[in-house]
Amino acid sequence: MSKEFMIEAKKMHKSFGSTVALDNVNVKVSGGEIRGLIGENGSGKSTVTSIIAGMQRANEGEMFFKGKPWNPGSMIESLENGVGMIVQESGTVPGISVAENIFLGETAQFRRGGIVSRKRLIKAAQEVLNSIGASYIKAETLTADIDMQSRKLVEIAKVMRKNPEVLIVDETTTALSQDGREIIYKIMNQMKAENKAVIFISHDLEEIMNVCDALTVLRDGKIIVTFDKDEFDEDVIKTSMIGRELQGEYYRSDLDDSYDNEVVLEIVKGELDDQLREFDFQLHKGEILGVGGLSYCGMHTLGKVLFGAERLNAGEVLAHGKPLKNEKEAMNHGIGYVSKDRDYESLSLNASIKDNISIGGLECFATGKFLLLSGKENRYVDEQIKKLSIKCQDRNQYVMTLSGGNKQKVVFGKWIGRDSEILILDCPTRGVDIGVKQAMYQLMYQMKKEGKSIVIISEEMTELLGMADRILIMKDGKKAAEFMRSDKPQEADIIKYMI
Ligand SMILES: Nc1ncnc2c1ncn2[C@@H]1O[C@H](COP(=O)(O)OP(=O)(O)OP(=O)(O)O)[C@@H](O)[C@H]1O
């Protein structure tokens, strides 16, 4: 008798117009297994998992769940029958409470006399949040008022409430700080212990190698190889992902943390609720300044304040010594900003790659006030597409239809192409594959050498250690510690100041 797998997909094929997203893909995942999926941006990971979870259908192929034919017509149907997925993009509705999101479409069970008992709904939702270790999120809060990490945890609570037998986690952990990641790892390990199955997608090679029992590599919609844990080898995995050896430096290798004395961006005695307190900040010409910390330390708010997207309650932001009040002024000062929350804050999903990228560089191809030189605009956009290897049909493709990592490249391209003097990058490499990450790091280093200034806010300590001249650690809205590159700080030295 053949082995019964928890999930089995056979000869899967999926095309979008001329793009072949999946080509004869076969995947088998057993109970008690955490299976990793890895591959370059656009290689087909989300497509295969979203078909398994009922978000879309394949053009060809068949699937089995515990040996029985599996063909869910929607994500709800899939979850009801035992297969849940945490999607890469936002999966919550912002305009309703956390509790309503957790029980979306199922609030009728809290009805009494025709009216939903808000008290009972909130109590039940809070219990779900507590059970996954996210008790700090209050079920009555409006979802739009919580940050991205918390929204992801709400999605996890929503799925885990249904006690799935197969859990798919699509590039979720890079949106989370270490404490948020621990919650997911705990759930995954618990499922494994209960003989359930997990499919885990991440571009963080170290993480995926630590967490998974086996790793399947996809390239251009095809399965290249599956490695068992005892075969994991970082270089071999990288090579199989990109089809060649990754050449050159990944992070910069020098220890030279020198930069100009000139201060280009500054906060003087900044106060903003509990996010920035007595906060003094200086960014210098030619400096890469890394900012790290745990959730709610204030670092993401700092990024918004530096771009004029949030106003301080007290104190001031100065760009080149002049007060900076809003985003327009920031752009006039040559400041670019990549938000952590790309879908909400950085992209127009219903517009083309061209529209999204060219808006950052309008002045490069506008004559007078209104006239745009379309040939110049097209060349400008194509240059960014090429520089960042954005996988797309052409510049007119809607951003909504790009893979997650390719969306992130569009955001990056918007500001890089503009030749910004100052870049504020909040988790800029989130969801981006290793080849493009390397290209982004090289671009950042090049910018520093040209005298430009970069603030890189990141949950990834290795990224800060790898790229920054100076690392600033934040805790409770305050500066907790500062480290210089030339002192060769170690991860453990830094982490103790975050906690
Ligand atoms: N709705 C769609 N319309 C057109 N093309 C699509 C659509 N959905 C996915 N694609 C294309 O299918 C290919 C595979 O995308 P998919 O999202 O599966 O990649 P991925 O491996 O998950 O990438 P990432 O690491 O960036 O998340 C990409 O070229 C993508 O642009």
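Under the annotation held in an unreviewed UniProt entry, the protein carries the name Sugar ABC transporter ATP-binding protein and is attributed to Ohessyouella blattaphilus.

Participant: Before we go on, may I ask you to explain the nonpolar core in this structure?
Facilitator: Nonpolar side chains in soluble globular proteins tend to end up buried together. Residues Val455 and Ile456 are the most contacted members of the largest nonpolar core, which totals 66 residues. For valine 455, the contacting residues outside a window of four places in its chain are Leu283, Leu289, Val291, Gly303, Leu306, Ile424 and Leu425. The next biggest cluster of nonpolar side chains, apart from the first, holds 63 residues, and it includes Val83, Val159, Ile168 and Val211.

Participant: Even after reading the chapter, I still don't get the environment of glutamate 171, so can you show me in this structure?
Facilitator: Examined against the element boundaries, glutamate 171 turns out to sit in the loop between strand 9 (166-170) and helix 6 (178-193). Sequence-wise, glutamate 171 and aspartate 341 are 170 residues apart; in three dimensions their C-alpha atoms are separated by 14 Å. Ignoring anything within four residues of it in the chain, the contact list for glutamate 171 reads Gln88, Ile201, Ser202, His203, Gly404 and Gly431.

Participant: Mind showing me how you'd approach the sheet that holds strand 1 (residues 7-16) here?
Facilitator: In any sheet, the strands associate via hydrogen bonds between backbone groups, in a parallel or an antiparallel arrangement. If you walk across this open sheet you meet the 4 strands as 2-1-4-5, and the pairing is antiparallel. Lying at the two open borders of the sheet, with one neighbouring strand each, are strand 2 (19-29) and strand 5 (68-69). Pairing analysis gives 5 bridges linking strand 1 to strand 4 (residues 60-65), with the strands arranged antiparallel. Following the sheet pairing, lysine 10 is matched in strand 4 by glutamate 62. Seen against the sheet, helix 1 (residues 45-52) touches strand 1, strand 2 and strand 4 and runs at an angle of roughly 120° to strand 1.

Participant: Would you explain the site of the ligand in this entry?
Facilitator: Lining the immediate surroundings of the ligand are 21 residues, of which Phe16, Asn41, Ser46, Ser403 and Gly405 lie closest. Looking at side-chain class alone, the shell around the ligand contains 3 nonpolar, 15 polar and 3 charged residues. The residues that make up the shell around the ligand include at least three from each of domain 1 (7-242) and domain 2 (263-498).

Participant: Just checking my understanding: could you explain unusual backbone geometry for this structure?
Facilitator: The bulk of non-glycine residues show a negative phi, and the bulk of peptide bonds are trans. Positive phi is not limited to glycine here, since asparagine 24 has a value of about 55°. Following the sequence through the fold, asparagine 24 ends up in strand 2. For glutamate 171, which is not glycine, the phi dihedral falls at a positive 40°.

Participant: So what exactly am I meant to see when it comes to the pairing of strand 14 (residues 276-284) here?
Facilitator: Both faces of the sheet carry side chains from a regular strand, because those side chains alternate between them. Both strand 13 (residues 263-272) and strand 14 contribute to a ladder of 6 bridges, which runs antiparallel. Residue pairing for strand 14: valine 263 is matched across the bridge by histidine 284. Hairpin connection of strand 13 to strand 14: 3 residues between the antiparallel strands, including aspartate 273 at a positive phi of 45°.

Participant: What is the right way to read the environment of glutamate 249 from this model?
Facilitator: Position of glutamate 249 relative to the elements: it lies in the loop between helix 8 (234-242) and strand 13. Measuring from C-alpha to C-alpha, the distance between glutamate 249 and glutamine 442 comes to 8.4 Å, with 193 residues separating the pair along the chain.

Participant: Mind showing me how you'd approach the UniProt feature "domain: ABC transporter" (unreviewed entry) in the protein here?
Facilitator: As annotated by UniProt and renumbered to match this structure, "domain: ABC transporter" (unreviewed entry) occupies residues 7-245 and 259-498. Measuring from the first to the last C-alpha atom of residues 7-245 gives 32 Å, for a span that is 33% helix and 28% strand.

Participant: Just to check I follow, could you spell out helix 1 for this structure?
Facilitator: For an α-helix the count is 3.6 residues per turn, leaving residues at separations of three or four pointing the same way. Burial analysis of helix 1 places 8 of its 8 residues in the buried class, the great majority of the element. Of the residues making up helix 1, those classed as buried are Lys45, Ser46, Thr47, Val48, Thr49, Ser50, Ile51 and Ile52. Residue glycine 54 follows helix 1 closely and has a positive phi angle near 80°.

What counts, and where the lines are drawn
- Residues numbered from 1 in each chain as written.
- Predicted model: local features only at pLDDT ≥ 70, side-chain atom pairs only at ≥ 80, totals over all residues.
- Core = buried A, V, L, I, M, F, W, Y, C linked by C-beta atoms within 7 Å.
- Buried ≥ 20, exposed ≤ 12 C-beta atoms within 10 Å, placed from the backbone.
- Contact = placed C-beta atoms within 7 Å.
- Helix = DSSP H or I, 4+ residues; strand = E, 2+ residues; numbered from the N terminus.
- Pairing = 2+ DSSP bridges.
- Axes fitted to C-alpha atoms, helices over the stretch in contact; angles between N-to-C directions.
- Near = placed C-beta within 6 Å.
- Nonpolar A, V, L, I, M, F, W, Y, C, P; charged D, E, K, R; others polar.
- Domains from an automatic or database assignment.
- UniProt positions renumbered as here; feature names shortened; annotations may be inferred.

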